[in-house]
There are 2 protein chains.
Amino acid sequence: MSELDDLLTITWGRAAEGSAPTEAEAALGAGWAVGPAVNGGAVMAVAAAALGETFAGAGHPDLLTWSAFFLSPTAPGPVRLQVEALRSGRTVSTGQVLVLQDDAGGLRERARITATLADLAAMVEPAHRAPAAPPMPPPDACVPARRDGSPLAAASTILDRLDVRVDPATAGFAAGRPTGRGELRAWLRLADGHEPDVAVLPLAVDCLMPVAFDLGVPGWAPTFELTGQVLGRPAPGWLQVRLHADTVAGGVYVEDADVWDSTGRLVARSRQLAGIRVPEGGLPPVAG
Amino acid sequence: MSELDDLLTITWGRAAEGSAPTEAEAALGAGWAVGPAVNGGAVMAVAAAALGETFAGAGHPDLLTWSAFFLSPTAPGPVRLQVEALRSGRTVSTGQVLVLQDDAGGLRERARITATLADLAAMVEPAHRAPAAPPMPPPDACVPARRDGSPLAAASTILDRLDVRVDPATAGFAAGRPTGRGELRAWLRLADGHEPDVAVLPLAVDCLMPVAFDLGVPGWAPTFELTGQVLGRPAPGWLQVRLHADTVAGGVYVEDADVWDSTGRLVARSRQLAGIRVPEGGLPPVAG
């Protein structure tokens, strides 16, 4: 069993008489942490897995689009999931998952994920148009994201689960030389060899460093909301991820992620709104 | 009272003992229809208004980011709103609205909107970077969207509430000459002179014709999910809206909307995943 399979193991509670079970538990272990909290991508992946199991019987096991609101940081440890099936139609099903944790004696909501699922194998129409994967040096010519790279990286156990190779053209942030363009490009795969599938995609869009680092704004960027779209089942091999932020205003910024598979097909997109503290004097100039 | 004020009038039910009221009603009248259904932008605007009233006391009256899942078409007429306050913090509050309608004797969910609200007046940081408004001829040199333009337009009463002027460079779809680029640009204001405010923005991102029209794919595009971000309070005057679709694959497409105010400031963005039926033979070629 891969580390991702382990993360996505859902333990369902007993169903009420005559209905499907709607309470479940999962273990968001310390191995998926970024600093003191669990990575939001891992939280979303667990919620998506619970919905995938909920709607498998309806023929809709695959995430098609989802939205996650992050209400409080998820601590490493067990989480309770409250799963609500909203609608099952012919082509899609929609449901919602509340991710809850015991906190100071009470049950507190960490994240609320709503999603529409489908059968991606039945969505056979080809990719008519999509942004092309950016040209990048091969993974071996890129910069591995290492846990000894920074204090934040040292506290990010998730880096042990991932194999991340950052395009040298966008890796300057780690040496105090952000490009200022607000762009990060990286190859991504799971460290234990689990090949990419739809279940990996919520993680893939949200497991890299915040693109604010390349804007010259270090420090953590709390996400208010993240929405993702799945455009296809990824082929085996490396994923290619591009993060981009073209909007920074009023103390928030918009981060887009695009994910391509090893055949060059765009398989997922996401957009998130996150907080940012731009230093006095504004953003640093764009390099070059 | 403007037509938008009328649309956004929320009638709250009686509160349970010691708590805020969470049940409300609104009238999504026949004046906001696109064909047989109410425009999704109007549905989102009503839900946002209910949340704005819910969190005004917490100092967070303004929509900051929202997500809407569309579960069944909203018919013109009264809707019931179930409003849930999820979290109120120092800078933001988050809540959820279920939009319900009586349908064949039962109460049926039309849309589920989750949103984070804030005080945009307190978000004083400037716009550090944002996509610039596209150059467009002035409104009087653009093409008004008229109800006699097509059968769909004839059935779209919402066009009586709006003043839409389509950039001639992207208006060819109406004459059977889409550009194939998947782009629509238009000036937008409310027909009765209501100046743009934050409450207009959920409507602004979703009240124009689907950008699929410019891909040469007519017919309605059902939205699965739409997420929006608010980047600032709009100034009085015309709004400028750009719709763009760069991803069409597997029977779905991604439509992005960007909205600028009359000062050229980007005030809102949205991204939605919608269904699309591309004709045999694929998308038509890009013109020019």
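The structure under discussion appears in the preceding block.
Read on for an overview of the structure.

Criteria and cut-off values
- Residues numbered from 1 in each chain as written.
- Chains lettered and ligands numbered in written order.
- Predicted model: local features only at pLDDT ≥ 70, side-chain atom pairs only at ≥ 80, totals over all residues.
- Heavy atoms only, no water.
- Core = buried A, V, L, I, M, F, W, Y, C linked by side-chain atoms within 4.5 Å.
- Buried < 20%, exposed > 50% of the residue type's maximum accessible area, 1.4 Å probe, protein only.
- Helix = DSSP H or I, 4+ residues; strand = E, 2+ residues; numbered from the N terminus.
- Contact = heavy atoms within 4.5 Å.
- Expected span 1.5 Å × (residues − 1).
- Polar contact = N/O pair within 3.5 Å; in protein donor to acceptor, adjacent residues only side chain to side chain.
- Pairing = 2+ DSSP bridges.
- Disulfide = S-S within 2.5 Å.
- Phe/Tyr/Trp six-rings, centres within 6.5 Å; stacked < 30°, edge-to-face > 60°.
- Salt bridge = Lys/Arg side-chain N within 4 Å of Asp/Glu carboxyl O.
- Least-squares fit on C-alpha atoms with pLDDT ≥ 70 in both.

1. Comments concerning the nonpolar core
Residues and elements named next belong to chain A. Judged by nonpolar contacts, the single largest core of 85 residues is most densely connected at Trp-66, Leu-81, Leu-203, Tyr-253 and Val-259. Sort the elements by how many residues they give to this core and helix α2 (residues 40-56) lands first, with eleven residues. The residues touching Tyr-253, leaving out its near neighbours within four places in the chain, are Pro-210, Val-211, Ala-212, Ala-221, Ala-245, Thr-247, Val-248, Gln-272, Leu-273, Ala-274, Gly-275 and Ile-276.

2. Topic: α2(A)
In an α-helix, one turn spans 3.6 residues, which is why side chains three or four residues apart end up on the same side. Residue and element names in this part refer to chain A. Over its 17 residues, α2 runs 24 Å from end to end, which matches the ideal 24 Å to within 8%, given 1.5 Å per residue. Of all the 17 residues making up α2, 14 are buried; the element is thus mostly covered by neighbouring parts of the structure. One side-chain oxygen of the residue at the start of α2 lies 2.9 Å from the amide nitrogen of Gly-41, identifying that residue as Asn-39.

3. Describing the side chain of Thr65(A)
By the secondary structure assignment, Thr65(A) is in strand β5 (residues 62-70). Dropping the residues within four chain positions of it, Thr65(A) is found in contact with Thr114(A), Ala115(A), Thr116(A), Thr227(A), Gly228(A), Gln229(A), Phe69(B), Phe224(B), Glu225(B) and Leu273(B).

4. A closer look at the pairing of strand β15 (residues 252-260) of chain B
All names here are of chain B. Counting buried positions over the nine residues of β15 gives nine, a clear majority of the element. Along β15, one buried face is formed by Val-252, Val-254, Asp-256, Asp-258 and Trp-260 and the opposite face, lined by Tyr-253, Glu-255, Ala-257 and Val-259, is buried too. Judged from the eight bridges that link them, strand β14 (residues 239-249) and β15 form a sheet pairing that is antiparallel. Considered in β15, the bridge of Val-248 is made with Tyr-253. Counted along the chain from β14 to the antiparallel partner β15, the turn is two residues long, and its residue Gly-250 has a positive phi close to 65°. Pairing geometry for β15 and strand β16 (residues 266-275), over nine bridges, is antiparallel. The partner of Val-259 across the bridge, within β16, is Ala-268.

5. Describing the state of the cysteines
Residues and elements named next belong to chain A. Counting across every chain of the model gives zero disulfides over all chains. Not part of a disulfide, Cys-142 finds its nearest cysteine sulfur in Cys-207, a span of 15 Å. Given the relative accessible area of 8%, Cys-142 is considered buried.

6. Here we look at the packing of aromatic side chains
All names here are of chain A. Scanning the model with the defined rule gives two aromatic pairs over all chains in all. Between Phe-173 and Phe-213, the ring centres sit 5.8 Å apart and the planes meet at 45°, which makes this aromatic pair tilted. With a gap of 40 residues between them, Phe-173 in the loop between β11 (162-166) and β12 (183-190) and Phe-213 in the loop between α4 (201-204) and β13 (223-230) connect regions that are remote in the sequence. For Phe-173, a relative accessible area of 19% puts it in the buried group. Its relative accessible area of 16% is what places Phe-213 among the buried residues.

7. A closer look at the interface of chain A and chain B
If you look at the interface, chain A gives 56 residues, while chain B gives 56 residues. For the pair chain A and chain B, the number of links is six salt bridges. Residues Asp256(A) and Arg271(B) are paired through a salt bridge, measuring 3.9 Å at the closest nitrogen-oxygen approach. There are 28 residue pairs in polar contact (both at pLDDT 80 or more) connecting chain A and chain B. By residue number, the principal contributor to the side of chain A that touches chain B is strand β8 (residues 106-118) of chain A, which donates six residues.

8. Details of the environment of Gly182(B)
Within the fold, Gly182(B) resides in the loop between β11 (162-166) and β12 (183-190). When the C-alpha positions of Gly182(B) and Phe213(B) are compared, they lie 7.7 Å apart, and in sequence the two are 31 residues distant. Once residues lying within four places of it in the same chain are set aside, the contact partners of Gly182(B) are Arg129(A), Val211(B), Asp214(B), Leu215(B), Leu243(B), His244(B) and Ala245(B).

9. Notes on unusual backbone geometry
Residue and element names in this part refer to chain A. Despite not being glycine, Ala-104 has its phi angle at roughly 50°, a positive value. Considering the arrangement of structural elements, one finds Ala-104 in the loop between β7 (93-103) and β8. Ala-104 gets classed as exposed once you look at its relative accessible area, which sits at 83%.

10. Digging into the relation of the copies chain A and chain B
When chain A is fitted onto chain B, the two copies agree to an RMSD of 0.0 Å after a turn of 180° and an axial shift of 0.0 Å. As the rotation angle and translation indicate, the two copies are arranged about a two-fold axis. A shared binding surface is used by both copies, with 100% of the interface residues of chain A retained as interface residues in chain B.

11. Side note on the environment of Ala145(A)
Residue and element names in this part refer to chain A. The topology assignment puts Ala-145 in the loop between β10 (143-144) and α3 (151-154). By relative accessible area, Ala-145 is classed as partly exposed at 22%. Those residues within four positions of Ala-145 in sequence are excluded, and the remaining contacts are Leu-159, Val-164 and Met-209.

12. Quick word on the pattern of salt bridges
This model, assessed by the stated rule, comprises 40 salt bridges over all chains. Taken together, the shared-partner salt bridges connect Asp167(A), Arg181(A), Glu183(A), Arg185(A) and Arg242(A) into one network.

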